Amino acid sequence: MNILTFFELYDRFFSHIFLVGITVPPICPLRLTFGLQLIDTIEKLGLEPYFRREIERILDETYKSWQKKNEEIFYDVTCCAMAFRFLRLRGYHVSADELVNFVDEELFFSTVSPMFTNVTTILELYKASQLIIYPNEEPLERIQAWTTTYLKDQLLNQSINDKKLHKEVEFTLKNYHGTLARVLNRRCIELYDIDKHHILKTSYRDLLTLAIQDFNSCQALHQAELQILERWYEKNELQSSTVPKRVLQSSYFMITADAFEPELSDARISYAQTCVLVTVVDDLFDNCAPREELVNLIQLVKKWDKNSFTQCCSKQVKLFLLALYNTVDELAEKAFVHQGRCIKQDLISMWQELLEGMLTELDWWRENSAPTIDEYLSVGRTTIGAKICVLTGAYFLGPKLSEDILNSEEMKSLWTHVSTVGRLLNDIQTQEKELEQRKPNIVSMHVARGNGVITMEEATTRIEENIERGRRQLLQMVLQTNGSQVPRVCKDFFWTTCKICFYLYKFTNEYDSPKEIVSDAKKIIYEPIKLPKNIF
């Protein structure tokens, strides 16, 4: 399919309608509504990389209409919600106040036209309400509250007769902030209903065909990348560590499920390698290796001399150091092509910071000391590993990252927010285990600070509020355009890591591959999509 054909037909169709003045059937949407529905379809099918210019053109047109308060947008609730979502996600300035007419459920159903009170419209309002990025966006808060309750009731009462719509609502509510792009794409491809498109049906059929071909093509590349990672794992003898190969497979799956584009290959591979190495060394500290061994490990990383590795105190420490040394050297050499400078010392410094943080946490536990919450989070943001994984991968995203950008307050805020979200999500999942082991944990620290007044449940609720606040602040920074010096593709990589945290900690605190992660990984990496028999 010529990827421009669809948009040429789109332009031709609406030009003919408005120039000739022909009457169209009631089911035919107006131009802006149709354009937004088209973008929604393209994004759900994972085809946005093919149509970026065309999407930008439609959204520029939509934004002009939004500023003029065009009736086509604001009369149609579905169109209004979609316009708000797409425009905000791409950095256009749109105010949540424009959705104030939809904040009250009872008023919504009594005043809005019945054609806009269906489940599809309310689902769009729900999605729009997830984009709170400023402290005082009460309209979105109120919309989020009632649409969540309404949609849950619809599922509970089995009130959604359309089975595909029922599945879409169920999937959307399940873990909205942890929805990885390729998991969503595959689900939407499999649930795609060509018959619901009443105009340009043949072109929509072509879109589905392109989506399946693209998915399978990317999947073949992902399989090849995973083979590269498995050879790396075996070459560095990581099978002799306490970390099984499934950790490698899970790490690679999760970054690939959201950052799936072919041009991000080196970023995915380096990200997955870093995740595995972080897990290996985390196990060294968790399994209570002698302190002198761990101190020696940190000193050897500072020294960074392969000939000194004979001084290692144990086989496991030596194994990790050799794997780290080889990997950092390889990444630095590869990154030189992307960055035009040597980044080895940057990588070594991040590893040194991570290891020193892990030693500090171990000392807190062994000495039964009680750090303050600020002290705990200052270290915990580093030891969760999000910073080192994102920044290592960021060197391979395309843009050159100068020292000024890497050391900027903006970059620091980005990794601080994503690391805080990851640490707090982890601590909620591990609170019972770490309470038994008498290890520091943010939940138990809040309880202790409350002197018996705050229960574990109340502390968890407060921390969940902090997680949501951090997620919103991160999203605000990702979408910010004015005054931002960090490239958008790098900021998106932070956002991807935030989604991975929500996805991972929905299940467990470890990469122990529960059934749903295994199932998703198979679908994304191993199982191609077959063209439906009725597509032709």
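Here the structure is a predicted model, which is why all the values come from computation and not from measurement.

Things to note about the overall build of the protein chain
Point 1. Per the secondary structure count, the protein chain includes 24 helices and zero strands.
Point 2. Overall, the C-alpha framework of the protein chain stretches about 85 × 55 × 45 Å when taken along its three principal axes.
Point 3. Here the protein chain, with 536 residues, has 55% of them falling under the buried criterion.
Point 4. Put simply, of all contacts in the protein chain between residues at least 6 apart along the chain, 72% involve residues at least 24 apart.
Point 5. Accessible surface, the protein chain as shown: approximately 24,700 Å² in total, 50% of it carbon and sulfur.

A word on the domain arrangement of the protein chain
You'll often see interface size given as the accessible area lost when the parts meet.
Point 1. According to the domain assignment, the protein chain consists of domain 1 (27-209) and domain 2 (210-526).
Point 2. Between the C-alpha centres of domain 1 and domain 2 there is a distance of 33 Å.
Point 3. Here domain 1 meets domain 2 over a buried area of about 2,900 Å², counting both sides, of which 60% is carbon and sulfur.
Point 4. Here domain 1 is connected to domain 2 by four salt bridges.
Point 5. Seen at the junction of domain 1 and domain 2, the total is 20 residue pairs in polar contact (both at pLDDT 80 or more).
Point 6. Elements with a contribution of two residues or more to the side of domain 1 that touches domain 2: helix 5 (77-89), helix 10 (181-191) and helix 11 (201-235).

A short note on the environment of Arg381
Point 1. Inspection of the secondary structure puts Arg381 in helix 17 (residues 373-383).
Point 2. With 59 residues separating them along the chain, Arg381 and Leu322 place their C-alpha atoms 26 Å apart.
Point 3. Non-local contacts of Arg381, meaning those with residues more than four positions away in its chain, are made with Thr416, Ser419 and Thr420.
Point 4. In terms of polar contacts, Arg381 uses its side chain to reach the side chain of Thr420, at 2.7 Å.

Looking at the UniProt feature "domain: Terpene synthase N-terminal" (unreviewed entry) in the protein chain
Point 1. The UniProt feature table records "domain: Terpene synthase N-terminal" (unreviewed entry) at residues 34-173.
Point 2. Across residues 34-173, the secondary structure splits into 66% helix and 0% strand, with the terminal C-alpha atoms separated by 25 Å.

Some words on helix 5
The periodicity of an α-helix, 3.6 residues per turn, causes residues three or four places apart in sequence to face the same way.
Point 1. With 13 residues, helix 5 extends 18 Å from end C-alpha to end C-alpha; this agrees with the ideal 18 Å at 1.5 Å per step.
Point 2. Counting buried positions over the 13 residues of helix 5 gives twelve, a clear majority of the element.
Point 3. Considered for burial, the residues of helix 5 that qualify are Val77, Thr78, Cys79, Cys80, Ala81, Met82, Ala83, Phe84, Arg85, Phe86, Leu87 and Arg88.
Point 4. Backbone nitrogen of Thr78 and a side-chain oxygen of the N-cap are separated by 3.0 Å at the start of helix 5; the cap is Asp76.
Point 5. The positive-phi residue at the C-terminal boundary of helix 5 is Gly91, with phi of around 85°.

Quick notes on the packing of aromatic side chains
Point 1. Tallied over the entire structure, the rule returns 15 aromatic pairs.
Point 2. The interplanar angle of 90° and the centroid separation of 5.2 Å between the aromatic rings of Phe108 and Phe109 together place this pair among those described as edge-to-face.
Point 3. According to the relative accessible area criterion, Phe108 is buried, its value standing at 0%.
Point 4. For Phe109, a relative accessible area of 32% gives the class partly exposed.
Point 5. When the centroid spacing of 5.4 Å and the interplanar angle of 35° are considered together, the rings of Phe109 and Tyr150 count as tilted. One end of the pair, Phe109, is in helix 6 (residues 105-111); the other, Tyr150, is in helix 8 (residues 138-156), and 41 residues separate them in sequence.

With respect to the packing of helix 17 against helix 21 (residues 442-449)
Point 1. With their axes 11 Å apart at the nearest point, helix 17 and helix 21 run at an angle of 170° to one another. Here helix 21 runs roughly antiparallel to helix 17, going by the angle between their axes. Two secondary-structure elements touch here, helix 17 through Ile373, Tyr376 and Leu377 and helix 21 through Ile442, Met445, His446 and Arg449.
Point 2. The residue makeup of the contact of helix 17 with helix 21, split by class, is five nonpolar, one polar and one charged.

Here is what the cut-offs are and how they apply
Residues numbered from 1 in each chain as written. Predicted model: local features only at pLDDT ≥ 70, side-chain atom pairs only at ≥ 80, totals over all residues. Heavy atoms only, no water. Helix = DSSP H or I, 4+ residues; strand = E, 2+ residues; numbered from the N terminus. Buried < 20%, exposed > 50% of the residue type's maximum accessible area, 1.4 Å probe, protein only. Contact = heavy atoms within 4.5 Å. Areas by Shrake-Rupley, 256 points an atom, 1.4 Å probe, with all protein chains shown as cover. Domains from an automatic or database assignment. Buried area = accessible area lost by both parts, 1.4 Å probe. Salt bridge = Lys/Arg side-chain N within 4 Å of Asp/Glu carboxyl O. Polar contact = N/O pair within 3.5 Å; in protein donor to acceptor, adjacent residues only side chain to side chain. UniProt positions renumbered as here; feature names shortened; annotations may be inferred. Expected span 1.5 Å × (residues − 1). Phe/Tyr/Trp six-rings, centres within 6.5 Å; stacked < 30°, edge-to-face > 60°. Axes fitted to C-alpha atoms, helices over the stretch in contact; angles between N-to-C directions. Parallel < 35°, antiparallel > 145°, perpendicular 65-115°, else oblique. Nonpolar A, V, L, I, M, F, W, Y, C, P; charged D, E, K, R; others polar.

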